[in-house]
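Here are the chains, one letter per residue:
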Amino acid sequence: MRGIAILGSTGSIGRQAIEVLSLHPDRFAVTALTAHGNAALLFDQVRALRPRLAALTGVEDADVPDDLSFCQFLFGPRALEEVAARAEGQDVLAAVVGVAGLKAVMAARKAGKRVLLANKETLVAGGEMVMNACPPGTLLPVDSEHSAIFQCLQGAGPNRYEKILLTASGGPFRTWDREAVKNATVAQALGHPTWSMGAKITVDSASMFNKALEIIEAKWLFDARPEQIEVVVHPQSIVHSAVQFQDGAVIAQLGSPDMKVPILYAMSYPERLTTGAKPLDLFALGQLTFEKPDTEKFPAIGMAYQALSQGGAACCVLNAANEEACFAFLRREIPFGRIPEIVAEALQRHGHLPADHFMDIDRADALARECARGMLG
Ligand code: NAD
Ligand code: MG
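Residues numbered from 1 in each chain as written. Chains lettered and ligands numbered in written order. Predicted model: local features only at pLDDT ≥ 70, side-chain atom pairs only at ≥ 80, totals over all residues. Heavy atoms only, no water.

This part covers the coordination of the magnesium ion (ligand 2). For the magnesium ion (ligand 2), the protein coordination sphere consists of Asp143 (OD), Glu145 (OE) and Glu214 (OE), at 2.0 to 2.2 Å. Summarised as a motif, the one-chain spacing of the donors to the magnesium ion (ligand 2) is D-x1-E-x68-E. Residue Glu145 is found in helix H6 (residues 144–152), and its partner Glu214 is found in helix H10 (residues 209–221); the two are separated by 69 residues along the sequence. Like Glu214, Glu145 is buried. (Donors = N, O, S within 2.8 Å, 3.2 Å for Na, K, Ca; no water. Helix = DSSP H or I, 4+ residues; strand = E, 2+ residues; numbered from the N terminus. Buried < 20%, exposed > 50% of the residue type's maximum accessible area, 1.4 Å probe, protein only.)

Listed below in structure tokens is the structure:
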């Protein structure tokens, strides 16, 4: 029996994690849950799963229903770290959105927990610091591409891979012309062709900043040099990524697009348990296609490589500016085409800051956000 705390349990990943672990009640017990704003859903989840600890991080107080007195409730943003550190059991699933997860992931590691990481922004912003806190086996990827790469590397033994083939669906604007993309609406950006996800990552997929974040995430998780990571657009989202070795062999992981597979793999690793995912039917698919990304239409990809080569806190700046721009777009304050312009400007102005201490990361994050906000009007 593994005890697991779910940070961000009311989100897309959090809800799917609950769905898939509920298929295996003999294997997993939920020890803690957190949500930012959706108190009603959090209360329902606590009622059903009976953790002893829960937090509402977006409010300083709330009326907790009387029948939930078996569970201690914490409030406010700091409660995320407290839950990460204090929850019973070995595992913490980081499924909150944005860099808000960074301190909680560090707190979980300080308390000796194993981190199952969906929250990629944490690794993008604090890569070196997070990896220094995570010896082998203590940080397992949940992001589907990184789970795929991790699965492809099982059994590779002492062989280093040559290259990571990081697949991307291309998002809803893959076939649009460049000018049209700049004026895409929120509804259009939220219409992802293959995955159903939270709003921020769906917009990131449309701008391809999601792939930019994933390039940086792959660098840290798999100790890759940037030139070893190649983005391959694969609109069917069946090949979740692949790894190429020096003998010419390429190992890929395939499956229907269903986050329950990588979520449960991280939880049950190295075992594989049933997920209820739809079996892959290659005959029904007929063909799988691959193409190069259009890096002019989607400047995000080039910015990821640029930030990696700048080093220091550049990736943190890219992430923070993108978070600000993405949410401003969702609030309909800026056109879609403004997102990469804002990130480019933040990188230009603040891309050379150091990232030696936690304070440096905080400062780079704050300066990038200030720069991005200044460009909203
Ligand atoms: P979501 O918006 O659906 O859910 C986010 C969760 O985090 C919610 O429970 C919300 O209450 C909580 N939250 C929001 N802001 C918070 C804050 N400031 N502090 C604490 N908690 C906060 O997002 P999601 O789609 O589930 O994505 C979660 C993370 O997983 C993201 O980092 C995303 O990039 C990553 N991810 C998601 C998918 C997917 O299929 N949804 C796939 C791969 C990776
Ligand atoms: Mg992904």
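Between helix H5 (residues 120–132) and helix H14 (residues 314–330), whose axes approach to 6 Å, the crossing angle comes to 140°. Comparing the axis directions of H5 and H14 gives the class oblique. Here Glu121, Val124 and Ala125 of H5 come into contact with H14, specifically with Cys315, Cys316, Asn319 and Glu323. The class makeup of the residues in the contact of H5 with H14 is 4 nonpolar, 1 polar and 2 charged. (Axes fitted to C-alpha atoms, helices over the stretch in contact; angles between N-to-C directions. Parallel < 35°, antiparallel > 145°, perpendicular 65-115°, else oblique. Contact = heavy atoms within 4.5 Å. Nonpolar A, V, L, I, M, F, W, Y, C, P; charged D, E, K, R; others polar.)

Another aspect to go through is the site of ligand 1. Residues in contact with ligand 1 amount to 22 residues; listed here are only the nearest, Thr10, Ser12, His36, Glu121 and Gly198. One nitrogen or oxygen atom from the main chain of Gly11 is found 3.1 Å from an oxygen atom belonging to ligand 1. The backbone of Ser12 places a nitrogen or oxygen atom 2.9 Å from an oxygen atom of ligand 1. Protein contact buries 86% of the 830 Å² of open area that ligand 1 shows by itself. Elements supplying a minimum of two residues to the shell around ligand 1: helix H1 (12–21) and H5. Considered class by class, the residues forming the shell around ligand 1 number 10 nonpolar, 9 polar and 3 charged. There are two domains that each give the shell around ligand 1 at least three residues, and those are domain 1 (2–141) and domain 2 (147–255 + 293–310). (Near = heavy atom within 4 Å. Polar contact = N/O pair within 3.5 Å; in protein donor to acceptor, adjacent residues only side chain to side chain. Areas by Shrake-Rupley, 256 points an atom, 1.4 Å probe, with all protein chains shown as cover. Domains from an automatic or database assignment.)

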